[in-house]
Amino acid sequence: MEIAVVGSNNVDLITYIERMPKIGETLEAPEFEMGCGGKGANQAVAASRLGAEVRMITRVGNDIFAANTVKNFEDNGIDTEWVMETEASSGVAPIFVDQDSNNSIVIVKGANGLLTPEDVANAADVIAECKLLVLQLEIPLETVYAAIDVAVERGVPVLLNPAPADTRLDPEYVAKCTYFVPNETELSLLAGKDVEELDEIREAGKKILAESNLENLIVTLGSRGSLWLTKDDDVLVDSLQVDAVDSTGAGDAFIGCFATRIVKGDDVPTALETASRYAANSVTKRGTQYSYATAEEFEAWKP
């Protein structure tokens, strides 16, 4: 396998709304869809659809959602040997998408909260076989730390997407990662300051680099692209401008594509350019994993 993803899986419950209801108000919504999601699963599916060999290490519940989640992984060509069932509900994510393609998401961890450091230790040998470990923060922090330790001990580079942001994240573990990829909101929370303008983002990024001795910090900026910072330089990669339909899962599309291009041998700027284009493609369609193009579809896309 080229990529190991230790992370979450969810069932996405997507409601398309005209506006968010006020407290105590009931509104009728025009449409509803259900799909597979979770940041870990999303990133794994995006990478696999783009041609990477992917192994998923995660936990599902013992409810009606579990079998469908496993089948979805298999249908997308993902190795499921380490998709483990547990006595809990599966993770779910109610998602609300408004008319401007903005989304609000509530995460219920369920079985994702029961993925343990022991699970990671048991999977250490299969993690060691991979070229890159990909992590997010929808599983317990101690499990994230255990996975980083396993990868570093075995010489496997680590990509950590600190989403959703957790201010308890240990800078010493951030420093062990080869790639640290927050969005601007997550960067703001982790840096402890507001960031809006590019200069503010650069300043906050440099602060994290200085405090953690991190090698590569990549800040995703939505329609503004992405900013790659190292101790010596920074590079802004523009995003492709498209007519957005639904931005849900675009960040995960970016991570999955970037990870794929890195294990395929691209340098960071080239991988970022491709990832920005892939994320832009994803927002032109509704849904999360539904919106992720295969390698062939992505190559044929003419924006």
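Residue numbers here run from 1 along each chain, matching the order of that chain's written sequence. In keeping with the model being predicted, local features are shown solely for residues with a pLDDT of at least 70 and side-chain atom pairs are shown and tallied solely at 80 or more, while totals for entire chains, interfaces and linings include all residues. Calculated side-chain values reflect all of the structure's heavy atoms, with hydrogen atoms and water omitted.

### Structural notes on the packing of helix α7 (residues 184-191) against helix α8 (residues 198-212)
1) Next: One way to put it is that α7 packs onto α8 with a least axis distance of 10 Å and a crossing angle of 55°. Between α7 and α8, the interaxial angle falls into the category oblique. Considering only the axes of α7 and α8, their crossing is left-handed. Of the residues in α8, those touching α7 at Glu184, Leu187, Leu190 and Ala191 are Ile201, Ala204, Gly205, Lys207 and Ile208.
2) Next: Residues are sorted three ways: Asp, Glu, Lys and Arg are charged, Ala, Val, Leu, Ile, Met, Phe, Trp, Tyr, Cys and Pro are nonpolar, and all the rest, Gly among them, are polar. For the contact of α7 with α8, the per-class residue count stands at six nonpolar, one polar and two charged. In this description, a line fitted to the C-alpha atoms serves as the axis of each element, helices being fitted only across the stretch in contact, and the angle between N-to-C directions of two axes falls anywhere from 0 to 180 degrees. Starting at the N terminus, helices and strands are each numbered in turn, a helix being any DSSP run of H or I of at least four residues and a strand any DSSP run of E of at least two. Here is the rule for angles: anything less than 35 degrees is roughly parallel, anything more than 145 is roughly antiparallel, 65 through 115 is roughly perpendicular, and the remaining ranges are oblique. Should the near helix be turned counterclockwise from the far one by less than a right angle, the crossing is left-handed, whereas a clockwise turn marks it as right-handed. By definition, residues are in contact when any of their heavy atoms lie within 4.5 Å.

### As for the pairing of strand β8 (residues 132-135)
1) Next: Note on exposure labels: buried denotes an accessible area under 20% of the residue type's maximum, exposed denotes more than 50%, and partly exposed covers the range between, all computed with a 1.4 Å probe on protein chains only. Alternating residues of β8 divide into Leu132 and Val134 and Leu133 and Leu135, and every residue in both groups is buried.
2) Next: As paired strands, strand β1 (residues 3-6) and β8 are joined by four bridges and run parallel to one another. What sits directly across from valine 6, in β8, is leucine 135.
3) Next: By the convention used here, strands pair only if DSSP detects at least 2 bridges between them. Looking at chain direction, β8 and strand β9 (residues 158-160) are connected through three bridges and run parallel.

### Observations concerning the packing of aromatic side chains
1) Next: When the centres of two rings from Phe, Tyr and Trp lie within 6.5 Å, Trp using its six-membered ring, the rings pair. Their planes under 30 degrees apart give stacked, over 60 give edge-to-face, and anything left gives tilted. Throughout the structure, instances matching the rule amount to four aromatic pairs.
2) Next: Judged by centre distance (6.4 Å) and plane angle (45°), the ring pair of tyrosine 278 and tyrosine 292 falls under tilted. Note that tyrosine 278 is positioned in helix α10 (residues 268-282) and tyrosine 292 in the loop between α10 and α11 (295-300), a separation of 14 residues in sequence. Taken individually, tyrosine 278 and tyrosine 292 each receive the classification buried, so the pair is uniform in this respect.
3) Next: On the numbers, 5.1 Å between centres and 85° between planes, the contact of tyrosine 278 with phenylalanine 298 is edge-to-face.

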